Amino acid sequence: MQKQKGAFSAFIIRLAIGATALSVTVMIMALAIVTGFSHAISEKLFSFMGHVHVALYNETGAVSGGLAQPIYLDPKLLAELRSIPQVASVSPYVVTPAIVQAKGQLEGLNLKGVDDSYHFLGGITSYGARIDHSDTQYSKDIILSKATAEKLDVSIGDTIQINFIDQSTPRIRRVRVCGLYHSGMEEVDKHFAVCDMRLLQRVNNWDKDSINGYQLDLTNAADADSVTTYIHYNLIDPPLAVNTTAGTYTFIFDWLRLQGSNSAILIIIMAIVAIINLGAALLILIIDRAVMIGLLSALGMTFERTRDIFLYIAAIIGGAGILLGNILALTLCLLQARYGFMKLPESSYSMKYVPVKVIWWQIALVDVLTLLICVLCMWLPTLYIRRVQPAKVLQFK
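Residues numbered from 1 in each chain as written. Predicted model: local features only at pLDDT ≥ 70, side-chain atom pairs only at ≥ 80, totals over all residues. Heavy atoms only, no water.

1. Quick word on helix α10 (residues 303–339)
Argument step 1. For α10, which comprises 37 residues, the first-to-last C-alpha distance of 53 Å matches the rise-based estimate of 54 Å (1.5 Å per residue) to within 8%.
Argument step 2. Where α10 terminates, the next one or two residues include G340, which has phi positive at roughly 60°. (Helix = DSSP H or I, 4+ residues; strand = E, 2+ residues; numbered from the N terminus. Expected span 1.5 Å × (residues − 1).)

2. Structural notes on the side chain of Q161
Argument step 1. On the secondary structure map, Q161 appears in strand β7 (residues 159–164).
Argument step 2. A polar contact of 3.0 Å, which involves the side chain of Q161, links it to the side chain of N163.
Argument step 3. With residues up to four places along the chain from it excluded, the contact list for Q161 reads I99, V100, Q101, I172, R173 and R174. (Polar contact = N/O pair within 3.5 Å; in protein donor to acceptor, adjacent residues only side chain to side chain. Contact = heavy atoms within 4.5 Å.)

3. Thoughts on the pairing of strand β11 (residues 213–218)
Argument step 1. For β11, the tally of buried residues reaches 6 of 6 residues, placing the bulk of the element in the interior.
Argument step 2. Because side chains alternate across β11, one face comprises the buried residues G213, Q215 and D217, and the other comprises Y214, L216 and L218, equally buried.
Argument step 3. Of the pairings in the sheet, the one linking strand β1 (residues 52–56) to β11 comprises 4 bridges and is antiparallel in character. Bridge pairing links V52 to L216 in β11.
Argument step 4. Here strand β3 (residues 87–102) runs beside β11; their pairing, made up of 6 bridges, is antiparallel. Within β11, the residue paired with P92 across the bridge is Y214. (Buried < 20%, exposed > 50% of the residue type's maximum accessible area, 1.4 Å probe, protein only. Pairing = 2+ DSSP bridges.)

4. Regarding helix α6 (residues 224–234)
Argument step 1. Regarding α6, the residues found buried are A224, V227, T228 and I231. Each buried residue of α6 lies within a common arc of 100° when the element is viewed along its axis, so the set occupies one face. Among the exposed residues of α6, those pointing more than 90 degrees away from its buried face are D225 and Y233.
Argument step 2. Buried-residue contacts for α6 involve β1, α2 (75–82), β3, β11 and β12 (240–244). (Arc of directions from axis to C-beta.)

5. Focus: the nonpolar core
Argument step 1. By size, the foremost hydrophobic cluster in this structure holds 46 residues, and its most contacted members are I142, L144, Y214, L216 and I231.
Argument step 2. For this core, the element with the highest residue contribution is β3, accounting for 6 residues.
Argument step 3. When sequence neighbours within four positions are dropped, the list of residues in contact with L216 reads G50, H51, V52, V54, L81, V87, S89, V90, V227 and I231.
Argument step 4. Ranked by size, the runner-up nonpolar core spans 24 residues in total, among them A40, F48, V114 and I143. (Core = buried A, V, L, I, M, F, W, Y, C linked by side-chain atoms within 4.5 Å.)

6. Structural notes on the packing of aromatic side chains
In this description, an aromatic ring pair is defined by two values, namely the gap between the centres and the angle between the planes.
Argument step 1. The tally for this structure, following the rule as stated, stands at 2 aromatic pairs.
Argument step 2. Judged by centre distance (5.4 Å) and plane angle (55°), the rings of F48 and F192 are tilted. Remark: F192 occurs in strand β9 (residues 192–196) and F48 occurs in helix α1 (residues 8–49); sequence separation between them is 144 residues.
Argument step 3. Look at F48 and you get buried, because its relative accessible area is 0%.
Argument step 4. Across the ring face of F48, the terminal group of K112 is positioned such that the distance to the ring centre comes to 4.8 Å. (Phe/Tyr/Trp six-rings, centres within 6.5 Å; stacked < 30°, edge-to-face > 60°. Lys NZ or Arg CZ within 6 Å of the ring centre and 35° of its normal.)

7. Looking at unusual backbone geometry
Argument step 1. P238 connects to P239 through a cis peptide bond whose omega is 10°.
Argument step 2. Tracing the sequence through the fold places P239 in the loop between α6 and β12.
Argument step 3. Positive phi values are uncommon outside glycine, yet D153 reaches one of about 60°.
Argument step 4. Within the secondary structure layout, D153 lies in the loop between α3 (146–152) and β7.
Argument step 5. A residue is classified by how much of its surface remains accessible, and D153, at 52% relative accessible area, is exposed.
Argument step 6. Backbone geometry places N205, a non-glycine residue, at a positive phi of 60°.

8. A short note on the pattern of salt bridges
Argument step 1. On inspection of all chains with the given rule, the structure shows 3 salt bridges.
Argument step 2. For K151, the salt bridge goes to E107, with nearest N and O atoms at 3.7 Å. Placement of the pair is K151 in helix α3 and E107 in strand β4 (residues 105–114), with a sequence separation of 44 residues.
Argument step 3. K151 sits in the partly exposed class, given a relative accessible area of 42%.
Argument step 4. The exposure class of E107 is buried, given its relative accessible area of 17%.
Argument step 5. Linking D141 and R176 is a salt bridge whose minimum nitrogen-to-oxygen distance equals 3.3 Å. Here the residue D141 occupies a position in strand β6 (residues 141–145), and R176 occupies one in strand β8 (residues 171–182), the gap between them amounting to 35 residues.
Argument step 6. With a relative accessible area of 37%, R176 lands in the partly exposed category. (Salt bridge = Lys/Arg side-chain N within 4 Å of Asp/Glu carboxyl O.)

9. Looking at a nonpolar patch on the surface
Argument step 1. On the surface, a cluster of nonpolar side chains totalling about 400 Å² of accessible area is made up of W361, L365, L369 and I373.
Argument step 2. Examined against the element boundaries, L365 turns out to sit in helix α12 (residues 360–377). (Patch = residues over 30% accessible without salt bridge, like charges linked within 9 Å, V, L, I, M, F, W, Y side chains within 5 Å. Areas by Shrake-Rupley, 256 points an atom, 1.4 Å probe, with all protein chains shown as cover.)

10. Here we look at the packing of helix α8 (residues 250–288) against α10
Argument step 1. Put simply, α8 and α10 touch, their axes get as near as 11 Å, and they point 135° apart. When the axes of α8 and α10 are compared, the pair comes out oblique. Like other packed secondary-structure pairs, α8 and α10 cross with a definite hand, here right-handed. Only F310, I313, A314 and I317 of α10 make contact with α8, whose side of the interface consists of L278, L282, L285 and I286.
Argument step 2. Class assignment for the residues of the contact of α8 with α10 results in 8 nonpolar, no polar and no charged. (Axes fitted to C-alpha atoms, helices over the stretch in contact; angles between N-to-C directions. Parallel < 35°, antiparallel > 145°, perpendicular 65-115°, else oblique. Left-handed = near helix turned anticlockwise from the far one by under 90°. Nonpolar A, V, L, I, M, F, W, Y, C, P; charged D, E, K, R; others polar.)

Following this line, the structure appears as C-alpha cells:
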C-alpha cells in the first residue's frame, strides 16, 4: 500500500481499513453510550432514593409513606445496618403527602422527611444550602426540585405554605425554601420535596422515634441484592421487609435493559457489515493479484501457503481498522464527555446530553472478537485462490 501509490490494490486496502474503522467506532460508541445512559439514570435514581429500603411490608415494594403505620426507630437495628461493609450510609425517613402553595399556585408533592445524616449523592445537582437541623423543635427549611420551584414561581429564600390533607383536621405550615435540587427524572423531580423529619412527625402526631423506614446508600449498586438478602435473613423480622430501589422501579430498569438490547442488535449489524466489507475487499484483492498467485503457484507454492498470505493481509487490515476505530471512538467519547456536543431533550431522556462511559474490558472484547471473526470469515474468500489457473493468468501482462 505504501510502495504502490495509486495502485488499485492500495485503494482497496485503504477502503477496507476505513470501513472496518467505522464499524468498530460505531460498536464502541454504542457500548459507551448505552453504558453511560444506564449509569446516569441509575445514579440519578439512587442519589435520591438510595439503593435499599427497610420498611413495613408492602406488596408493591413501594416506599412506605402517607397513611402507612409508623415503625419504631430502633437504634440497635440502625447500628447493625450501618455496620454492613457494603453500606455507605443509613438515613431514617418519613414520607407524607401534602399540597404546596405559593403565589396562587398549587402543587401536590410527597414530602420526604430526613435527619441530618441524609445527603444527595453525585447524580443530583443541588443549589443553595442544606436543611438546618439546629432548631430544637424542627427545621422550617425545605428543598424543592427545580421543576417544582419553576411551577410555583419561587426561588431560594422564598416562603411557601404547606397544606397537609391526610389528617382529620387540615394543618398548615409555612417553610422557607433553603435549596433546590435537579435530577432530570420526572419520577423524582415532579413528586418529591425534602424537609426535616421532625416536622412530619409533629404533623402526623408521632413521637420522635416513629419513622416510615430506613434508606441505605451503598458503595456499589451491584451489591444491592446481596445486602437485601443478608438483611432479610439476619437483621429483621415481620412485619418489616427489605426492598431494593431497582426492584421498586422495575419499569425504569426494564427500559434500560431494552436500550441494551438495541445496542446489541446494532453491534451485530455493524459486525456483519465489517465482515462483508473486509470479505469483499479481500476477494477483490485476490482477483487483482491473480497474476501473482499464478506465478507463485507455478513456482511450487502450495494453496495453503498462498492462502496464509492473504489471511495475514486480512489480519493487518483488520488490526489497522480496529486501531483507527479505537482512536476515533475514544476521541469522540472524550469530546462528548468534556463538551457535550451531542444533546438530548431532557423531558424525554432525563438528561440534557448524551452520556458516555468507557469500560476498557468492553473495548478489548470488541477488538478481539472483531479481529477473530474477521480473520475466520476470510477463509471463504480465500477459496477463490484454488480457481486461479497459472496457465491462464500468466498470459496477461
